[in-house]
Amino acid sequence: MPLDEIIITQAIIERFIEKLKGCLTLDVAIVGAGPSGLVAGYYLAKKGYKVAIFEKKLSIGGGMWGGGMMFNQIVVQTEGKRILDEFKIKTMPFSKGYYTADAIEAVTTICSKACRAGVNIFNAICVEDVLIRERHIVGLVINWSTIEVARLEVDPLTIRAQCVIDATGHGTEVVKVVEKKMGETLLTPTGKIMGEKPLWAEIGETDTLKNTKEAYPGLFVAGMAANATFGSYRMGPIFGGMLLSGERVADLIHERLKKD
Ligand code: 48F
């Protein structure tokens, strides 16, 4: 059978439009497909929520691919290993309480299981703003990442969501937009972004979980964005906190939306 380029083109356009149209109204919109965003998406989709992740890069996985300084191994502690076990990612004990995993296996497996659980991932799409109604985040404003790179003046499109997760890592991009546009109204002690502190693995890891919470009505922070928003330490290439934060934010949102 000769291949028809136009059928190939039609298939891509129609299937993508179906996928995008199916995600115009979501239970949960996640910004950033790093470890915390992917894990959050996985647990939420497993609970039956309609979830999409918007990732500005072409690749998913955020900072996990590179392990530490591009040595593509990650380290998790005992608590974090539980999540890798759930994803059936191979871990190797290093010394008491420390385990390593292959960063490539970790990213690809978490992503694959998130997709199979029902998460819709949109890559090369940047979240540039939020929808707000009466001091409550109700959605996202999205555009192709290439528009920003090319500095084109093109209006964005919008996604409605009951809850939004900022899982954008060190940049805490969504919270930044809210702070810029809504002033000192964040749910932090100062009402503003508290800012990330230097590297301290022990405190950074524990605080990631404590700081995984609502940062503005309807907007939750997870992963490194949680510590950047609420003012705690970075932790470097130990990833247990990121995985556990993804699980925790999914639990918090489930409490809020309660779909059983
Ligand atoms: O940085 P990232 O991996 O976030 P994370 O889940 O994990 C942090 C660790 O990788 C590491 C660490 C600890 O162990 O400190 O850094 O908190 O992934 C964040 C993702 O968000 C995307 C970005 O490209 C990355 O893949 N992102 C950032 N801003 C936007 C965005 C945006 N405005 N729109 C869409 N995606």
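The structure we're discussing is the one just above.
Okay, so let's go over this structure. (Residues numbered from 1 in each chain as written. Predicted model: local features only at pLDDT ≥ 70, side-chain atom pairs only at ≥ 80, totals over all residues. Heavy atoms only, no water.)

Thoughts on the overall build of the chain
Scanning the chain from N- to C-terminus turns up nine helices and 13 strands. The C-alpha radius of gyration of the chain comes to 18 Å, within 12% of the 18 Å expected for a compact globule of 260 residues. Once the C-alpha set of the chain is aligned to its principal axes, its extents read approximately 60 × 50 × 40 Å. Expressed as a percentage of the 260 residues in the chain, the buried residues total 49%. Long-range contacts, defined as pairs at least 24 residues apart, comprise 66% of the intrachain contacts of the chain with a sequence gap of at least 6. Put simply, the chain shows about 13,400 Å² of open surface, and 58% of that area lies on carbon and sulfur atoms. Positive and negative side-chain charges of the chain, numbering 31 and 30 respectively, have mean locations separated by a distance of 3 Å. (Helix = DSSP H or I, 4+ residues; strand = E, 2+ residues; numbered from the N terminus. Rg over C-alpha atoms; globule rule 2.2 N^0.38 Å. Buried < 20%, exposed > 50% of the residue type's maximum accessible area, 1.4 Å probe, protein only. Contact = heavy atoms within 4.5 Å. Areas by Shrake-Rupley, 256 points an atom, 1.4 Å probe, with all protein chains shown as cover. Lys, Arg positive; Asp, Glu negative; His and termini not counted. Charge placed at Lys NZ, Arg CZ, Asp CG, Glu CD.)

A few points about the pattern of salt bridges
This structure, assessed with the given rule, holds ten salt bridges. Lys81 is the salt-bridge partner of Asp85, the closest N and O atoms lying 3.0 Å from each other. With a gap of four residues between them, Asp85 and Lys81 both fall in helix α3 (residues 78-86), about one helical turn apart. Here Glu255 and Lys258 are joined by a salt bridge, their closest N and O atoms 3.0 Å apart. (Salt bridge = Lys/Arg side-chain N within 4 Å of Asp/Glu carboxyl O.)

Digging into a negative patch on the surface
Together, Glu128, Glu148, Glu153, Asp155 and Glu173 make up a region of like negative charge exposed at the surface. Mapped onto the fold, Glu128 is located in strand β7 (residues 125-132). (Patch = residues over 30% accessible without salt bridge, like charges linked within 9 Å, V, L, I, M, F, W, Y side chains within 5 Å.)

A closer look at the environment of Phe71
Considering the arrangement of structural elements, one finds Phe71 in the loop between β2 (51-55) and β3 (73-77). Sequence-wise, Phe71 and Lys50 are 21 residues apart; in three dimensions their C-alpha atoms are separated by 35 Å.

Details of unusual backbone geometry
One non-glycine residue, Ala124, lies in the positive phi region at around 60 degrees. Relative to the elements of secondary structure, Ala124 occurs in the loop between β6 (120-123) and β7. Of note in the backbone geometry, Thr172 takes a positive phi value of approximately 35 degrees without being a glycine. Relative to the helices and strands, Thr172 is located in the loop between β9 (157-166) and α6 (173-182). With a relative accessible area of 3%, Thr172 lands in the buried category.

Section: the site of the ligand
The full set close to the ligand counts 28 residues, and Ser36, Glu55, Gly63, Val127 and Met224 are the nearest of them. Here an oxygen atom of the ligand and a side-chain polar atom of Ser36 are 2.7 Å apart. Contact between the ligand and Lys56: a nitrogen atom at 3.1 Å from a main-chain N or O atom of the residue. When the ligand sits alone it has 730 Å² of accessible area, and the protein chains cover 92% of it. Of the residues forming the shell around the ligand, the biggest block, three residues, is contributed by β7. Of the residues belonging to the shell around the ligand, the class tally is 14 nonpolar, ten polar and four charged. (Near = heavy atom within 4 Å. Polar contact = N/O pair within 3.5 Å; in protein donor to acceptor, adjacent residues only side chain to side chain. Nonpolar A, V, L, I, M, F, W, Y, C, P; charged D, E, K, R; others polar.)

Overview of the nonpolar core
Core analysis: the largest hydrophobic core is formed by 47 residues, its most contacted members being Ile165 and Ile253. Every residue in contact with Ile253, bar those within four places of it in the chain, is listed here: Val28, Leu44, Cys163, Ile165, Phe220 and Lys258. If you look at the next biggest cluster of nonpolar residues, it comprises 27 residues, including Ala29, Phe54, Phe122 and Ile137. (Core = buried A, V, L, I, M, F, W, Y, C linked by side-chain atoms within 4.5 Å.)

Focus: a nonpolar patch on the surface
Among the surface-exposed residues, Met1, Leu3, Ile8 and Ile12 lie close enough to one another that they form a single nonpolar patch of about 540 Å² accessible area. Inspection of the secondary structure puts Leu3 in the segment before α1 (5-21). Accessibility expressed as a relative area gives 67% for Leu3, which makes it exposed.

Side note on the packing of aromatic side chains
By the definition in use, this model includes six aromatic pairs. Geometrically, the ring pair formed by Tyr42 and Tyr43 is edge-to-face, given 5.1 Å between the ring centres and 75 degrees between the ring planes. Each member of the pair, Tyr42 as well as Tyr43, is classed as buried. Ring pairs connect the aromatic residues Phe16, Phe54, Phe122 and Trp144, which therefore count as one cluster. (Phe/Tyr/Trp six-rings, centres within 6.5 Å; stacked < 30°, edge-to-face > 60°.)

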